[in-house]
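Here are the chains, one letter per residue:
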Amino acid sequence: MITAIVLVKADVARIPEVAESIARLEGVSEVYSITGDHDLVAMVRVRLHEELAEVIPGRLNKVEGVVHTATHIAFQTYSRHDLEAAFSLGLPEGD
């Protein structure tokens, strides 16, 4: 699975509508409203690199109200679940 983090600047008057439109796109798993230099963060998850072009410049950038995007590709995922598995000795809980 390939994960891209897309920072989105949106028309300020349309942020909720822009977020909802982006969230409905195939390949977008979550959209967060954020503080700072950008208005939204969209998490894009696809199976092939070629699909990123379909989702991000092909659809996400064309959502009415999107002013600018900056895309970051994730190299590695670190989650609580992954870290617990990495440090597990394989023993059942409670031993």
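Residues numbered from 1 in each chain as written. Predicted model: local features only at pLDDT ≥ 70, side-chain atom pairs only at ≥ 80, totals over all residues. Heavy atoms only, no water.

(A) Geometry of the pattern of salt bridges. Tallied over the entire structure, the rule returns two salt bridges. Ionic pairing is found between E30 and R45, a salt bridge with its closest N-O pair at 3.0 Å. You can see E30 sitting in strand β2 (residues 28-33) and its partner R45 sitting in strand β3 (residues 40-46), a full 15 residues away along the chain. Using a relative accessible area of 28% as the deciding quantity, one classes E30 as partly exposed. Exposure remark for R45: the relative accessible area of 33% places this residue in the partly exposed category. (Salt bridge = Lys/Arg side-chain N within 4 Å of Asp/Glu carboxyl O. Helix = DSSP H or I, 4+ residues; strand = E, 2+ residues; numbered from the N terminus. Buried < 20%, exposed > 50% of the residue type's maximum accessible area, 1.4 Å probe, protein only.)

(B) The layout of surface pockets, seen in detail. Computed from the structure, the largest pocket encloses a volume of approximately 170 Å³. In terms of lining residues, the largest pocket is bounded by M1, I2, T3, M43, R45, A74, F75, Q76 and T77. Elements with a contribution of two residues or more to the lining of the largest pocket: β1 (2-10) and β3. (1 Å grid on protein atoms, 1.4 Å probe; cavity = no way out; pocket = protein on both sides within 12 Å on 5 of 7 lines; lining within 4 Å. Points joined across faces, edges and corners; volume = space filled by probe spheres on them.)

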